[in-house]
Amino acid sequence: MTDTRPDEKPLLVTVLVFPGVRPLDVAGPVEVFASANEFGGRYRVRTASPGGIDVVTSAGTGLSVDLDAAHVPYISDVVIVPGGPEWPTLIKDDTLLRAVKALETHSRRTASVCTGAFLLAEAGLLNGRRATTHWRFTGELAQRYPQVSVEADALFVRDGSIMTSAGVSSGIDLSLALVEEHRGVDLARAVAKDMVVFMQRPGGQSQFSVRTRVPPVKQEVLRRVLDQAAADPSADHSLAGMARRAGMSTRHLSRLFRQELGTTPAHYIEQVRMEAAQAMLEGGDDPMASVARRSGFGSPESLRRAFMRNMGITPGAYRARFRTTGVSAEIADRAGCSRVPTPDAHGMPLA
């Protein structure tokens with residue numbers, strides 16, 4: 001069992017809650033810190049709300065509260081700001097925004113989960129910073145708050161003392177990275193294993209299936225082409241090959257891709273093959289030559305070029321993401337130690 005030094009002080013985590021908060025935004029991080037305590041992590045977690053009143057979540061369940069957000073009697077090591085499905089209404093709640101500002105002022109680290117980023121942005125805490133939120137709302141965040149540099153594909157963004165994470169389950173990724181930063185990679189790995197989650201999920205928010213991300217297509221013949229590509233990425237999906245199987249000209253097929261998907265056939269097929277290669281790298285230790293062949297890239301060099309072009313990292317670095325949340329490299333660098341390569345293209349510890 002991993003353990004920390006007995007003389008280490010407990011780390012204080014305050015989770016802001018409010019009427020309409022999404023339960024998993026709260027429960028995910030809380031469970032990470034609770035699990036860390038089972039392995040000697042020494043976290044003390046408390047919930048706070050405006051006025052200290054108990055709240056009803058977006059799921060209709062009650063949530064008890066420990067503290068009034070305006071009168072938390074200590075400096076928090078971490079403040080977690082979750083989101084909620086009614087975030088457009090929440091960002092107009094002056095009382096809630098005052099609570100966000102009060103907690104941030106008395107915190108060493110403030111982190112949002114999902115649409116909690118909108119609360120930080122509305123409070124002015126993300127001005128001049130990089131940030132992310134749920135993939136459905138990254139465009140809205142960028143439009144509403146032009147002073148925020150939105151990283152749409154990141155699962156996790158750190159900018160100074162502020163951290164933001166993507167969709168609801170990414171609050172777990174964020175919290176694991178905090179555990180690694182506070183207590184070391186061994187404890188974070190123990191927590192990840194205990195919760196049966198990845199130390200660092202790969203692929204960013206673009207990891208969601210290529211086939212499910214594209215809008216519904218009207219042309220049955222194009223649907224068949226897309227389904228064939230998803231079923232066997234290693235097959236001949238050249239423009240000529242796809243057009244031949246579809247019984248149309250290459251020019252007409254290209255036009256359908258542009259009209260219905262807003263992309264080219266070559267780019268779409270590369271994304272399908274990238275997704276296949278990512279799954280193989282995540283789930284096994286097959287040689288790169290085998291991954292390249294089975295995913296349709298053909299050679300390790302073609303695979304490497306595709307990963308560098310799409311993700312800014314090599315396939316080997318992508319596979320290595322399962323060994324750490326990525327924060328150890330930053331810790332080593334700050335301490336002046338030999339740098340462990342951080343594989344994220346944006347310099348984030350979790351992506």
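Because the structure is a prediction, the values reported are computed rather than measured. (Residues numbered from 1 in each chain as written. Predicted model: local features only at pLDDT ≥ 70, side-chain atom pairs only at ≥ 80, totals over all residues. Heavy atoms only, no water.)

Draft legend 1. Inspection of the overall build of the protein at higher detail. The helix and strand tally for the protein stands at 16 helices and eleven strands. Here the protein holds 351 residues, and the buried ones make up 52% of them. At a minimum sequence separation of 6, the contacts of the protein that also span at least 24 residues come to 67%. Accessible area of the protein: about 15700 Å², with a carbon and sulfur share of 52%. (Helix = DSSP H or I, 4+ residues; strand = E, 2+ residues; numbered from the N terminus. Buried < 20%, exposed > 50% of the residue type's maximum accessible area, 1.4 Å probe, protein only. Contact = heavy atoms within 4.5 Å. Areas by Shrake-Rupley, 256 points an atom, 1.4 Å probe, with all protein chains shown as cover.)

Draft legend 2. Layout of the packing of helix α1 (residues 23-38) against helix α7 (residues 185-195). At a minimum axis distance of 9 Å, the contact between α1 and α7 shows a crossing angle of 115 degrees. Judged on the interaxial angle alone, α7 and α1 are roughly perpendicular. For the pair α1 and α7, the crossing hand works out as right-handed. Between α1 and α7, the residues in contact are Glu-31, Val-32, Ser-35, Ala-36 and Glu-38 and Leu-187, Val-191, Asp-194 and Met-195, respectively. A class-by-class count of the residues in the contact of α1 with α7 yields five nonpolar, one polar and three charged. (Axes fitted to C-alpha atoms, helices over the stretch in contact; angles between N-to-C directions. Parallel < 35°, antiparallel > 145°, perpendicular 65-115°, else oblique. Left-handed = near helix turned anticlockwise from the far one by under 90°. Nonpolar A, V, L, I, M, F, W, Y, C, P; charged D, E, K, R; others polar.)

Draft legend 3. Layout of the pairing of strand β10 (residues 156-159). Side chains Phe-156 and Arg-158 of β10 all project onto a buried face; the interleaved residues Val-157 and Asp-159 project onto the opposite face, where all are buried too. In this structure, β10 lies alongside strand β11 (residues 162-165), joined through four bridges in antiparallel fashion. Residue pairing in the sheet places Arg-158 in a bridge with Met-163 of β11. Following β10, the chain reverses through two residues before pairing antiparallel with β11; Gly-160 in that reversal takes a positive phi of roughly 65 degrees. (Pairing = 2+ DSSP bridges.)

Draft legend 4. Representation of the nonpolar core within the structure. Formed by 64 residues in total, the largest nonpolar core has its most connected members in Leu-16, Ile-80, Val-100, Leu-119, Leu-126, Val-179 and Val-191. If we ignore the near neighbours within four places in the chain, the residues touching Val-191 are Val-32, Ser-35, Ala-36, Phe-39 and Leu-176. (Core = buried A, V, L, I, M, F, W, Y, C linked by side-chain atoms within 4.5 Å.)

Draft legend 5. Molecular detail of the packing of helix α9 (residues 220-231) against helix α11 (residues 250-261). The geometry of α9 relative to α11 is characterised by a closest axis approach of 11 Å and an angle of 90 degrees between their N-to-C directions. It follows from the interaxial angle that α9 and α11 lie roughly perpendicular. Seen from α9, the contacting residues are Val-221, Leu-222, Val-225 and Leu-226; seen from α11, they are Leu-253, Leu-256, Phe-257, Glu-260 and Leu-261. Here the contact of α9 with α11 is built from residues that sort into eight nonpolar, no polar and one charged.

Draft legend 6. Layout of unusual backbone geometry. If you check the backbone angles, Arg-42 has positive phi at about 60 degrees while not being a glycine. Here Arg-42 shows up in the loop between α1 and β2 (43-49). For Arg-42, a relative accessible area of 31% corresponds to the partly exposed category. Its identity as a non-glycine residue notwithstanding, Cys-114 has a phi of 55 degrees, on the positive side. Mapped onto the elements, Cys-114 comes out in the loop between β7 (110-112) and α4 (116-122).

Draft legend 7. Looking closely at the pattern of salt bridges. In this structure the tally under the stated criterion is 14 salt bridges. For the salt bridge of Glu-181 with Arg-158, the shortest nitrogen-to-oxygen distance reads 2.6 Å. Taken as a pair, Glu-181 in helix α6 (residues 170-183) and Arg-158 in strand β10 lie far apart in primary sequence, 23 residues in all. Pair check on accessibility: Glu-181 and Arg-158 agree, each one buried. In this structure, Glu-301 engages Arg-304 in a salt bridge whose closest nitrogen and oxygen atoms are separated by 3.0 Å. Here the residue Glu-301 and the residue Arg-304 both occupy positions in helix α14 (residues 300-311), the gap between them amounting to three residues, near one helical turn. A residue is classified by how much of its surface remains accessible, and Glu-301, at 34% relative accessible area, is partly exposed. Members of the salt-bridge network, linked through shared partners, are Arg-129, Arg-130, Glu-151 and Asp-159. (Salt bridge = Lys/Arg side-chain N within 4 Å of Asp/Glu carboxyl O.)

Draft legend 8. Structural view of the packing of aromatic side chains. Across all of its chains, the model carries six aromatic pairs by this definition. Centroid distance Trp-87 to Phe-137: 5.6 Å. Interplanar angle 70 degrees. Geometry classified as edge-to-face. Highlighted residues: Trp-87 in helix α2 (residues 87-90) and Phe-137 in the loop between β8 (130-131) and α5 (138-144), separated in sequence by 50 residues. Phe-137 matches Trp-87 in its accessibility class, with the two residues each being buried. Through a chain of ring-to-ring contacts, the aromatic side chains of Trp-87, Phe-118, Phe-137 and Tyr-145 assemble into a single cluster. Against the face of Tyr-74 rests Arg-44, its NZ or CZ located 5.3 Å from the ring centre. (Phe/Tyr/Trp six-rings, centres within 6.5 Å; stacked < 30°, edge-to-face > 60°. Lys NZ or Arg CZ within 6 Å of the ring centre and 35° of its normal.)

These figures capture arrangement, not role.
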